[in-house]
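# Topology and contacts: notes
If you want the building blocks of each chain, they are given just below.
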Amino acid sequence: MKKIRIGIIGQGRSGWDIHGAALKRPKLRERFQVVAVSDRLPDRMKEAAEEFSSKQYADYRELLQDPEVDLVVNASQSPDHVPLSIQAMEAGKMVLCEKPLARDVKTVEELEAAIARTGKFFAVFQQSRFAPTFRKVQEIMESGILGRIVMVKMAFNGFARRWDWQTLQSMNAGSLLNTGPHPLDQALQLLGNVMPEKIVCYMDRANTYGDAEDHVKLLMSAAGHPVVDMEVSSCSLFNPYVYQVYGTCGSLMGDHNKLQWKYFDPQEAPLQKLIRTPLEGRAYCSENLSFYEGEWTTSPEGADFHSRVEKFYLNLYEAILNGAPLEVPLDQVKRQIAVIEECHRQNPLSRLEE
């Protein structure tokens, strides 16, 4: 089996804990080989080089010139994602870039121009599309048992205080750009894989020591599609659900591990018609509906974060070698960025002085 040779730029939480960890899995070792690493911190770079028996480059630009590197995994800090990716493609490399890709659509268009100019393969790393619970939610919605979907609610919430570089606007940080691409990618698919016609967003700084938001409430809608209500907040200690789906025949609720749903069959329901006069005996509308219930729990493998990273890389491998479509193509990532840009436009936040 042909191996794609990888050079990883950045050995922080993404480069080491996500990409590095996943690329050690048996299925990925058959298809990929880490041949070079780079990081600004020598101890991190040395640790990764020893782990993969790879070359190490203190200057990432030297890695870009390494003829043994086929694919660059760009796990640098967020502001470097597009500039460094363009450098890599201009150096003749394929690129897999970490999220957030960019803060605005204009920057994505600069990247698109570089892709067209160089003709190089480019992908954005967003593995949440492969989350088993998300796929199950999609499956149930598409089955029709919940009827017409009226609203989808998503809450990727928790409680935490934060004070690192990913709390600074100057570093393309904040909850919507850090955590947000994961639920937003899913939310746009559940909306119907279209650009929202209406976007309403509220942002706040709650438990952050930086100047970027850590509380986001986002509403999206489009004609003929359900309303999508999405939250990413760092000040919620009580989180009863991650997903809620409201339909005309039933509803669903669940978290990352378990889903429950309940619905009735319209064909079994008693026939009703509009009555314009007061009901006899001052009664409320009342009927007996037979409800069906379902439950689903993700498998231990599905609950493993690195299993969805593995699935992303397997899709990436097929895309590079066999021309398979990417599960998360660039145009869909660009749509995310357009939504994020609009959210920031609606919520201008003051900046800390350097």
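Scroll up for the structure.
What comes next is a walk through the structure. (Residues numbered from 1 in each chain as written. Predicted model: local features only at pLDDT ≥ 70, side-chain atom pairs only at ≥ 80, totals over all residues. Heavy atoms only, no water.)

## Looking at the side chain of Gln-189
If you trace the backbone, Gln-189 turns up in helix α9 (residues 181–191). The residues contacting Gln-189, other than those within four sequence positions of it, are Arg-129, Phe-134, Gln-138, Gln-332 and Arg-335. (Helix = DSSP H or I, 4+ residues; strand = E, 2+ residues; numbered from the N terminus. Contact = heavy atoms within 4.5 Å.)

## A closer look at the sheet that holds strand β6 (residues 122–124)
Spatial ordering of the open sheet is given by β3-β2-β1-β4-β5-β6, a layout of six strands whose pairing is parallel. On the outer flanks of this sheet lie β3 (55–57) and β6, each paired with one strand and no other. Within this sheet the neighbouring strands show an average axis-to-axis angle of 25°, counted without direction. Note: strand β5 (residues 94–97) against β6, three bridges, orientation parallel. Note that in β6 the partner of Val-95 across the bridge is Phe-122. (Pairing = 2+ DSSP bridges. Axes fitted to C-alpha atoms, helices over the stretch in contact; angles between N-to-C directions.)

## Topic: a nonpolar patch on the surface
Together, Val-200, Tyr-202, Leu-219 and Val-227 make up an exposed nonpolar region whose accessible area comes to about 310 Å². Inspection of the secondary structure puts Val-227 in strand β10 (residues 227–233). (Patch = residues over 30% accessible without salt bridge, like charges linked within 9 Å, V, L, I, M, F, W, Y side chains within 5 Å. Areas by Shrake-Rupley, 256 points an atom, 1.4 Å probe, with all protein chains shown as cover. Salt bridge = Lys/Arg side-chain N within 4 Å of Asp/Glu carboxyl O.)

## Observations concerning the packing of aromatic side chains
Scanning all chains against the criterion turns up ten aromatic pairs. Ring plane angle 80° and centroid distance 6.2 Å describe the contact between Phe-312 and Tyr-313, whose orientation is recorded as edge-to-face. Assigned by exposure class, Phe-312 and Tyr-313 land together as buried. What links up through ring pairs into an aromatic cluster is the set Phe-32, Phe-125, Phe-130, Phe-312, Tyr-313 and Tyr-317. A cation over a ring is seen here: Arg-31 above Tyr-317, with NZ or CZ 5.8 Å from the ring centre. Here the guanidinium or amino end of Lys-262 rests over the ring plane of Phe-291, the centre of that ring lying 5.5 Å away. (Phe/Tyr/Trp six-rings, centres within 6.5 Å; stacked < 30°, edge-to-face > 60°. Buried < 20%, exposed > 50% of the residue type's maximum accessible area, 1.4 Å probe, protein only. Lys NZ or Arg CZ within 6 Å of the ring centre and 35° of its normal.)

## Observations concerning the environment of Asp-164
Note on placement: Asp-164 falls in the loop between β7 (149–155) and α8 (175–178). On a C-alpha basis, the gap between Asp-164 and Gly-210 in space is 7.7 Å, while along the polypeptide they are 46 residues apart. One polar contact links Asp-164 to Arg-13, side chain to side chain, over a distance of 3.2 Å. (Polar contact = N/O pair within 3.5 Å; in protein donor to acceptor, adjacent residues only side chain to side chain.)

## Side note on the pairing of strand β4 (residues 71–74)
Side-chain alternation along β4 places Leu-71 and Val-73 on one buried face and Val-72 and Asn-74 on a second face that is also buried. Where strand β1 (residues 4–9) lies against β4, four bridges are found, and the strand directions are parallel. When the bridges of β4 are listed, Ile-9 appears paired with Asn-74. Sheet topology places β4 next to β5; four bridges connect them, and they run parallel. When the bridges of β5 are listed, Val-73 appears paired with Leu-96. For the handedness criterion, the β-α-β arrangement of β4, helix α5 (residues 81–90) and β5 is classed as right-handed. (Right-handed = clockwise from strand over helix to strand, strands pointing away.)

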